[in-house]
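An overview of the molecular structure
Below, each chain spelled out in residue letters.
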Amino acid sequence: MSAPKKLFIKTYGCQMNVYDSERMAEALGGQGYVETKSADDADMILLNTCHIREKAAEKVYSELGRFKGLKAEKPDLKIGVAGCVAQAEGEEIMRRQPLVDLVVGPQSYHRLPEMESKAREGQKVLDTDFPEEDKFEKLKNRPKAKRGPTAFLTVQEGCDKFCAFCVVPYTRGAEVSRPVARIIGEAQELVERGVREITLLGQNVNAYHGEGPNGADWTLAQLIWELDKIDGLERIRFTTSHPNDMMDDLIEAHGSCKKLMPYLHLPVQAGSDRILKRMNRSHTAESYIRLIERIRAARPDILISGDFIVGFPEETEEDFQATLDLIEEVKYGTAYSFKYSTRPGTPAAERAQVEAAVADERLQRLQALLSRQQREVQDSMVGREVGVLFEKAGRLPGQMVGKSDYLHAVHVADCDRAIGDLARVRIVSSGPNSLAGELI
Ligand code: 5AD
Ligand code: SF4
């Protein structure tokens, strides 16, 4: 038998790319590949790319440039680009960077083994179709190795919302939900392999409407209740949600489903109704705040997380102030904030842009407020009892590190628990990026 070929995958961007990279590694496992952590000894390098902001896309080209020497040394090395940059700029990548042998869009991963064989024969291969078949079903054939206690599981992909700044509807395509039975099957298998916490993924995960066992479409809440029945699965999370798809049954599940964790990522993007309208967000600041109130009525301790864009075209100081006001009102436990980045082909790209220095300054003010809130929420955990799922050993002897129900990293000293154990922990102090706790 020949030695296994080595595969190096570098993943950029969102959690869905992390999930996709795992699936690609498994698919290429069938071609005799094993994963390596170093590009230097790889027989194949795959960059799983992100196109959401300009910087993310530019990184790909600079990274590819760095492989030039490696490819000169190892002519048999194959280099592939996957993910959303591949989808959006496939042909341009091939033109701009002759090192690239293979370009595969996010909807074509199940064709990777075939593409790899063609690349081995010296062909340049590009596949950025949106085929009808379920790629995850085709990717099922994979080794069932033991794995860590947390996993992602894609349940919905694509987006029909067309926010004026966003490339996702173009790169990931229209909204598609996977059938309930397939998701439950995959979740059961993950649990058999040691997983205790599953994060359901979708660009618009709360718009989930997959085919249920009875043939009718199920909501995300129905899917969560079905997952709730799986013995050994202890925690359920989901991301990312849109305010307009936050249905009553999902809010209610946050109040009554014990396995559903008290954490919700619910991006608002901006606090000015004028800007929200220009963003094509179809909700207002007021409707968002009322929604948060309803969610907190169902689950008072829920930690709210968000995404913000500053410097969206035509944003005035007054508009920006409205975003700060909304943040003050909601009080976020964590948040991700970005300076608007022009994406060619999206409606907002055509509009009057905010000066870079102004946007930079606003981003700093916004981030200062968000980190203050994040700190306050984290500090408020001190003295409380939380669940912690241990994920790894800490740096100090006897120390274990895990995530709380609220997704805070928690360090526990003198901890006799194993990776994958779930324990009750009392939080004793709050540091810059994590909490410290003791077993109860
Ligand atoms: N510029 C800046 N941020 C963006 N996002 C999406 N598109 C852009 C863009 N063109 C942000 C949004 C989204 C998150 C994933 O990325 O806040 O929720
Ligand atoms: Fe992009 Fe999210 Fe808006 Fe869809 S809902 S267009 S993924 S920002």
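It should be noted that the structure appears before, not after, this text.
A few points on the structure. Computed from a predicted structure; not experimentally measured.

Look at helix α10 (residues 248–256) against helix α12 (residues 285–298): their axes get within 7 Å of each other, and the N-to-C directions meet at 40 degrees. Compared by their axis directions, α10 and α12 come out oblique. Residues Asp-248, Ile-251 and Gly-255 of α10 touch α12, and the partners they reach there are Leu-291, Arg-294, Ile-295 and Ala-298. Grouping the amino acids of the contact of α10 with α12 by side-chain chemistry returns 4 nonpolar, 1 polar and 2 charged.

This part takes up the sheet that holds strand β12 (residues 263–265). By way of backbone hydrogen bonds, the strands of a sheet pair with one another, either parallel or antiparallel. On the basis of which strands lie adjacent, the open sheet formed by 3 strands has the order β12-β13-β14 and parallel pairing. Either end of the sheet is taken by a strand with one partner, and the two such strands are β12 and β14 (334–339). Averaged over all adjacent pairs, the angle separating strand axes in this sheet is 10 degrees, with direction ignored. Here 6 bridges tie strand β13 (residues 303–310) to β14, and the two strands are oriented parallel to one another. Looking at β14, one finds that Ser-305 is bridged to Thr-334.

Our focus in this paragraph is the nonpolar core. Core analysis: the largest hydrophobic core is formed by 75 residues, its most contacted members being Leu-200, Leu-223, Phe-238 and Tyr-332. No fewer than three residues from each of domain 1 (5–127) and domain 2 (135–379) sit in this core. Listed in part, the 24 residues of the second largest apolar core include Ala-42, Ile-45, Leu-77 and Ile-93.

With that out of the way, let us pick up the side chain of Ser-430. Among the structural elements, Ser-430 can be located in strand β18 (residues 422–430). Within the local environment of Ser-430, its side chain forms a polar contact with the side chain of Asp-379, the two groups lying 2.6 Å apart. Setting aside its immediate chain neighbours within four residues, Ser-430 contacts Arg-375, Gln-378, Asp-379, Val-382 and Leu-435.

Here we take up the pattern of salt bridges. Throughout the structure, instances matching the rule amount to 40 salt bridges. In this structure, the salt-bridge partner of Glu-157 is Arg-172, at a minimum N-O distance of 2.9 Å. In this pair, Glu-157 sits in strand β8 (residues 156–157) while Arg-172 sits in the loop between α7 (168–171) and β9 (176–177), placing the two residues 15 residues apart along the sequence. Each member of the pair, Glu-157 as well as Arg-172, carries the same accessibility label: buried. Notably, a salt bridge pairs Asp-416 with Arg-417, separated by 3.2 Å at the nearest N-O pair. A relative accessible area of 64% means that Asp-416 is categorised as exposed. It is possible to trace a salt-bridge network through shared partners that takes in Glu-315, Glu-317, Glu-361, Arg-362 and Arg-365.

Procedures and definitions
- Residues numbered from 1 in each chain as written.
- Chains lettered and ligands numbered in written order.
- Predicted model: local features only at pLDDT ≥ 70, side-chain atom pairs only at ≥ 80, totals over all residues.
- Heavy atoms only, no water.
- Axes fitted to C-alpha atoms, helices over the stretch in contact; angles between N-to-C directions.
- Helix = DSSP H or I, 4+ residues; strand = E, 2+ residues; numbered from the N terminus.
- Parallel < 35°, antiparallel > 145°, perpendicular 65-115°, else oblique.
- Contact = heavy atoms within 4.5 Å.
- Nonpolar A, V, L, I, M, F, W, Y, C, P; charged D, E, K, R; others polar.
- Pairing = 2+ DSSP bridges.
- Core = buried A, V, L, I, M, F, W, Y, C linked by side-chain atoms within 4.5 Å.
- Buried < 20%, exposed > 50% of the residue type's maximum accessible area, 1.4 Å probe, protein only.
- Domains from an automatic or database assignment.
- Polar contact = N/O pair within 3.5 Å; in protein donor to acceptor, adjacent residues only side chain to side chain.
- Salt bridge = Lys/Arg side-chain N within 4 Å of Asp/Glu carboxyl O.

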